[in-house]
Amino acid sequence: MARRPAAPHHPATTTTTTPAAPPPVTPISWSPCNGGLQCGTLVVPLDYANPKGPTIPIAVARHPAEDSAARIGSLVIDPGGPGVSGIDDMANELHALTPELLADFDIVMFDPRGVERSDPVTCGETPGAPPTTLSDPVPTTPSQEAATIAGLEQFAAACEKASANVLPHVGSVDTARDMDQLRAALGDSDLTYMGQSYGSLLGLTYAALFPTHVRAMVLDGVIDPALTFSQMTQGQAAGFESVLDSFFAWCTDGTACAWRPAGDPTAALLAQIAAGAASPVPAGSGRVAGSGELYDALLDGLYARSEWPQLGAALAADAAGNGAPVVAMSDHYNMNGSTNGSDAALAIDCLDHPVSHDLAVYGSLAALLEASAPVFGPLLAWGEAACAVWPAAPTRTVGPVAAAAAPPILVVGTTGDPATPYAWAVSVAHQLAHGVLLTRDGSDHVAYFYSPCVRDDVQAYLVGGTAPPSGTTCTS
């Protein structure tokens, strides 16, 4: 089946009223785990419309503040995805956070409902089984389109059969309510939050629901909640295609890139993908690299410039008859973040993004986007079609978030971000009643990991509440 990029997969829920009677907060019992961390479980209602009904466990981990005397409170971080396990990502965040943030805050991360340890969405796969060969995600003939749609319907039915209880309740609206329960269970009167990539949508959803519960909020790699899914698809296709063109230029101009085809690189890449669809390349251990694996390897390699050498080497190996590096990158793309990452991502996406149920729309959208984004336009258009046949109804309403009762919210955008275009950050900063735009001049996804300047500004804001002047640009 076709899939969307793992990092954003995104818009936001803009429901603006909280439940009339919030459920009581369940205390978290903490125990040592993972070498110096504390782990626990937050029990919340499966359905907030029925707060006394079935519950769902939310797995939580925290790194206690390293200077208890200077402790401000908790800093809750969501790394996005959707479908990424916050608990598994904790080491990555602890490595990137500044010493002062580690000293002043308990760093708290969690597996959102439907992910990994929190009643994970599954779609009938055998646990621990090796990944199966991916189908061609971009149909080009009527018969291929019919087969693609049939495959999407079959997959959706398998998800419903395996996860019927949780499937209608994994959207960002419910997760934002979980996060307010978490805030209270942590003993914080107000939430201090950093949302990265799809985590920005969760943050905006929270700010719409609970604006008076926000202490400070950083949104980095931002999704615009006012965009339709098709508008998001168009923006992401343009973003990835632009970065792909930069990758092509890098391959042409330097010697660090192992993939150096003759002629036009776009045509060469599309020919390699078509060849993979017709005759997948052996990858060892019974695996093969087909067009689906090639698309996933491309997405995996374009989020950060530092991954370009690996992507070039994988494409070169595939062209020479060795699909193993492409398969490894594809597996990383699909599994990075949680063992059920792909299933959870689709389940969350489809609840957060209302789409057309007219299946003829997606072939037309693919043809429209192909003109400006020949590699990624058709791929992302058909990825959107998965939500057209999804068995659970959307729970989020598309629209801008103002959060007028919230304090200033720091919105961080990177000018060349492939997954969440910079224009989305600009738009969100303007939509918010007190939005502050911080720009990073670069080409990677989520500025905090790549820019000391951004880290300094984020630290000053989270610790002291002082945001940089709106419109500040970081070049380092």
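Provided above is the structure to which this section pertains.
Description of the structure in this document. The numbering scheme is per chain: residues are counted from 1 as the chain's sequence reads. Reporting of local features is limited, given that this is a predicted model, to residues whose pLDDT is at least 70; pairs of side-chain atoms are given and counted only at 80 or more, and all residues count toward the totals for whole chains, interfaces and linings. Each side-chain value is derived from all of the structure's non-hydrogen atoms; neither hydrogens nor water enter the calculation.

## Let's talk about the overall build of the protein
Inference 1: Helix and strand content of the protein: 15 helices and twelve strands.
Inference 2: Radius of gyration: C-alpha atoms only; globule rule: 2.2 Å multiplied by the number of residues to the exponent 0.38. Against the compact-globule benchmark of 23 Å for 476 residues, the protein has a radius of gyration of 22 Å, which places it among compact chains.
Inference 3: Taken along the three principal axes of its C-alpha coordinates, the protein extends 60 × 50 × 40 Å.
Inference 4: Burial status follows relative accessibility: with a 1.4 Å probe on protein chains alone, a residue under 20% of its type maximum counts as buried, one over 50% as exposed, and anything between as partly exposed. For the protein, the proportion of its 476 residues judged to be buried stands at 57%.
Inference 5: Here, residues are in contact when the closest pair of their heavy atoms is within 4.5 Å. Taking the contacts inside the protein whose residues are at least 6 apart along the sequence as the reference set, 78% of them involve residues at least 24 apart.
Inference 6: Only the protein chains shown count as covering a residue, and every accessible area follows the Shrake-Rupley method with a 1.4 Å probe. Carbon and sulfur atoms make up 56% of the accessible area of the protein, which amounts to about 17200 Å² in all.
Inference 7: Of note, the protein has its 17 positive side-chain charges centred 6 Å away from the centre of its 46 negative side-chain charges. In DSSP terms, a helix is any run of H or I states spanning at least four residues, a strand is any run of E spanning at least two, and both are numbered starting from the N terminus. Charge convention: Lys and Arg are scored as positive, Asp and Glu as negative, and His as well as the terminal groups of each chain are ignored. Lysine's charge is taken at NZ, arginine's at CZ, aspartate's at CG and glutamate's at CD.

## Thoughts on helix α11 (residues 341–352)
Inference 1: Working rule for helices: expected span equals 1.5 Å times residues minus one. Its twelve residues place the ends of α11 16 Å apart at the C-alpha level, agreeing with the 16 Å of an ideal helix rising 1.5 Å per residue.
Inference 2: By the criterion of burial, α11 is predominantly enclosed, with eleven of the twelve residues buried.
Inference 3: If you check which residues of α11 are buried, you get Gly 341, Asp 343, Ala 344, Ala 345, Leu 346, Ala 347, Ile 348, Asp 349, Cys 350, Leu 351 and Asp 352.
Inference 4: Buried residues belonging to α11 abut α3 (142–163), α4 (172–185), α5 (198–209), α6 (229–253) and α10 (324–335).

## Quick notes on the nonpolar core
Inference 1: Residues belong to one nonpolar core when they are buried, are Ala, Val, Leu, Ile, Met, Phe, Trp, Tyr or Cys, and are joined through side-chain atoms within 4.5 Å. Within the largest apolar cluster, 112 residues are counted, with the highest numbers of intra-cluster contacts made by Phe 247 and Trp 390.
Inference 2: Top contributing element to this core by residue count: α6, with ten residues.
Inference 3: For Phe 247, the contacting residues outside a window of four places in its chain are Cys 257, Trp 259, Leu 302, Trp 308, Leu 311, Gly 312 and Leu 315.
Inference 4: Formed by 31 residues, the second largest nonpolar core is a distinct cluster that contains Ala 59, Leu 97, Leu 410 and Val 454.

## Comments concerning the packing of helix α8 (residues 291–302) against helix α9 (residues 308–319)
Inference 1: Each axis is a line fitted through C-alpha atoms, taken for helices only over the stretch in contact, and angles between the N-to-C directions span 0 to 180 degrees. One can describe the packing of α8 onto α9 by two numbers: an axis separation of 8 Å at closest approach and a directional angle of 160 degrees. Considering the angle they form, α8 stands roughly antiparallel to α9. In terms of crossing hand, the pair formed by α8 and α9 is left-handed. From α8, Leu 294, Ala 297, Leu 298, Gly 301 and Leu 302 reach across to α9, where they touch Trp 308, Leu 311, Leu 315 and Asp 318. For classification purposes, an angle smaller than 35 degrees is called roughly parallel, one larger than 145 roughly antiparallel, one from 65 to 115 roughly perpendicular, and anything else oblique. Helix crossings get a hand from a simple test, with the near helix turned counterclockwise from the far one by less than a right angle marking a left-handed crossing and a clockwise turn marking a right-handed one.

## Looking at the environment of Pro 261
Inference 1: Within the secondary structure, Pro 261 is located in the loop between α6 and α7 (265–278).
Inference 2: Overall, the relative accessible area of 30% leaves Pro 261 in the partly exposed class.
Inference 3: Separated by 200 residues in sequence, Pro 261 and Ala 61 have C-alpha atoms that sit 47 Å apart.

## Structural notes on the pairing of strand β4 (residues 73–78)
Inference 1: Burial within β4 is extensive, with six of its six residues counted as buried.
Inference 2: By this definition, two strands are paired if DSSP reports at least two bridges between them. By the bridge criterion, four bridges tie β4 to strand β5 (residues 105–110) in an arrangement that is parallel. Bridging across to β5, Gly 73 finds its partner in Phe 105.

## Considering the state of the cysteines
Inference 1: Disulfide assignment relies on a single distance test, namely cysteine sulfur atoms paired within 2.5 Å. A full pass over the atoms with the stated rule returns five disulfides.
Inference 2: Each sulfur of the disulfide joining Cys 33 and Cys 39 lies 2.0 Å from the other. The S-S bond linking Cys 33 to Cys 39 shows a torsion near 70 degrees; that makes this disulfide right-handed. Of the two residues, Cys 33 and Cys 39, neither departs from the other in class, the shared state being buried.
Inference 3: Across a sulfur-sulfur distance of 2.1 Å, Cys 350 and Cys 387 are joined as a disulfide pair.

## Considering the sheet that holds strand β11 (residues 435–440)
Think of a sheet as strands paired side by side through backbone hydrogen bonds, with each pair either parallel or antiparallel.
Inference 1: The strand order across the open sheet formed by ten strands is β1-β2-β3-β5-β4-β6-β7-β10-β11-β12, and the pairing between neighbours is mixed. Edge positions in the open sheet fall to β1 (31–33) and β12 (472–474), since each of these has one partner strand only. Each adjacent strand pair in this sheet contributes to an overall mean axis angle of 25 degrees, direction not counted.
Inference 2: Relative to β5, strand β3 (residues 55–63) is paired through four bridges, and the arrangement is antiparallel. From the neighbouring strand, Ala 61 faces β5, where its bridge partner is Met 109.

## Here we look at unusual backbone geometry
Inference 1: Cis geometry marks the peptide bond from Gly 81 to Pro 82; its omega dihedral reads -5 degrees.
Inference 2: Mapping Pro 82 onto the fold places it in the loop between β4 and α1 (86–96).
Inference 3: A positive phi angle, close to 50 degrees, is found at Glu 116, a residue other than glycine.
Inference 4: Take Glu 116: it is sitting in the loop between β5 and α3.
Inference 5: The buried category is assigned to Glu 116, whose relative accessible area is 18%.

## A few points about the side chain of Gln 459
Inference 1: Mapped onto the fold, Gln 459 is located in helix α15 (residues 452–464).
Inference 2: When its relative accessible area of 17% is taken as the criterion, Gln 459 is described as buried.
Inference 3: When neighbours within four sequence positions are excluded, Gln 459 is seen to be in contact with Thr 98, Glu 100, Leu 101 and Gly 464.

## Points about the pattern of salt bridges
Inference 1: Salt bridge, as used here: a side-chain nitrogen of Lys or Arg that lies within 4 Å of a carboxyl oxygen of Asp or Glu. All chains considered together, the criterion is met by seven salt bridges.
Inference 2: With a shortest N-O distance of 2.9 Å, Arg 117 and Asp 111 are connected by a salt bridge.
Inference 3: Judged by relative accessible area, which is 37%, Arg 117 ranks as partly exposed.
Inference 4: Among the salt bridges present, the one from Asp 178 reaches Arg 113, with a minimum N-O distance of 2.7 Å. Of this pair, Asp 178 sits in helix α4 while Arg 113 is found in the loop between β5 and α3, placing the two residues 65 residues apart along the sequence.
Inference 5: The class for Asp 178 is buried, based on a relative accessible area of 2%.

## Describing the packing of aromatic side chains
Each pair of aromatic rings is reported with the distance of its centres and the angle of its planes.
Inference 1: In summary, the pairing rule links any two rings of Phe, Tyr or Trp, Trp by its six-membered ring, whose centres are within 6.5 Å, and it sorts them by plane angle into stacked for under 30 degrees, edge-to-face for over 60 and tilted for everything else. Summed over the entire model, instances satisfying the criterion amount to nine aromatic pairs.
Inference 2: A connected cluster of aromatic rings, assembled from ring pairs, spans Phe 247, Phe 248, Trp 250, Trp 259 and Trp 308.
Inference 3: For the cation-ring pair, Arg 62 lies above Trp 30, with the distance from its terminal atom to the ring centre recorded as 4.1 Å. Placement of a charge over a ring requires the Lys NZ or Arg CZ to be within 6 Å of the ring centre, with the centre-to-atom vector within 35 degrees of the ring normal.

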